[in-house]
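# Breakdown of the fold
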Amino acid sequence: MPLEALATALQASGLSALLRSSIWLYPLVNTGHVVGIALLFGAIVPLDLRLAGCFRSTPVKPLADTLIPVAVVGLMLALFTGALLFATR
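In this report, we go over the structure that sits alongside the text. (Residues numbered from 1 in each chain as written. Predicted model: local features only at pLDDT ≥ 70, side-chain atom pairs only at ≥ 80, totals over all residues. Heavy atoms only, no water.)

## Quick look at the overall build of the chain
Within the chain, the regular secondary structure consists of four helices and zero strands. Secondary structure elements of the chain occur, N-terminal to C-terminal, as α-α-α-α. Taken along the three principal axes of its C-alpha coordinates, the chain extends 55 × 30 × 15 Å. In the chain, which comprises 89 residues, the proportion classed as buried is 25%. (Helix = DSSP H or I, 4+ residues; strand = E, 2+ residues; numbered from the N terminus. Buried < 20%, exposed > 50% of the residue type's maximum accessible area, 1.4 Å probe, protein only.)

## Regarding the environment of I68
Position of I68 relative to the elements: it lies in helix 4 (residues 60-88). Taking the C-alpha atoms as reference, I68 lies 9.0 Å from L40; in sequence the two are 28 residues apart.

## Describing the nonpolar core
In this structure, L40, A43, L47, L63, A64, L67 and A71 together form the largest nonpolar core, which totals seven residues. A per-element tally of this core places helix 4 first, with four residues. Contacts of L47, omitting those with residues within four sequence positions, involve L63, A64, L67 and I68. (Core = buried A, V, L, I, M, F, W, Y, C linked by side-chain atoms within 4.5 Å. Contact = heavy atoms within 4.5 Å.)

## Looking at helix 4
Between its terminal C-alpha atoms helix 4 stretches 41 Å, which fits the 42 Å expected from 29 residues at 1.5 Å a residue. Of all the positions in helix 4, only L63, A64, L67, A71, G74, A78, T81, L84, L85, A87 and T88 are classed as buried. Along its buried surface, helix 4 packs onto helix 1 (2-11), helix 2 (14-21) and helix 3 (25-51). (Expected span 1.5 Å × (residues − 1).)

## Brief notes about the packing of helix 3 against helix 4
The N-to-C vectors of helix 3 and helix 4 enclose an angle of 150 degrees; their axes lie 7 Å apart at closest approach. Looking at the two axes, helix 3 sits roughly antiparallel to helix 4. Helix 4 is crossed by helix 3, and the crossing has left-handed handedness. Partitioning the contact of helix 3 with helix 4 into residue classes produces 22 nonpolar, eight polar and one charged. (Axes fitted to C-alpha atoms, helices over the stretch in contact; angles between N-to-C directions. Parallel < 35°, antiparallel > 145°, perpendicular 65-115°, else oblique. Left-handed = near helix turned anticlockwise from the far one by under 90°. Nonpolar A, V, L, I, M, F, W, Y, C, P; charged D, E, K, R; others polar.)

## Let's talk about the packing of helix 2 against helix 4
The N-to-C vectors of helix 2 and helix 4 enclose an angle of 85 degrees; their axes lie 8 Å apart at closest approach. The orientation of helix 2 relative to helix 4 falls into the category roughly perpendicular. Residues L15, S16, L19 and R20 of helix 2 touch helix 4, and the partners they reach there are L84, A87 and T88. When its residues are assigned to classes, the contact of helix 2 with helix 4 shows four nonpolar, two polar and one charged.

Geometric values such as these leave the question of function open.
So this is what it looks like as structure tokens:
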């Protein structure tokens, strides 16, 4: 029951009402969610391919130093916007 109460309170919040009533805010948050997922997987795939043996001429360390922060930003963006999307339902 505590989870149901939390979901009810979240749905009744002002932020949730704002997202439901705005013609632009919900699509903007949804776009941010898709961009976050794209950043996450767009950073994971090349690094995994390199670790699997593709692109052997590219050193792993500089590639990982570049792609891991991108993946972290993508994950944070996807989690934050996903929580906002969840709040409306």
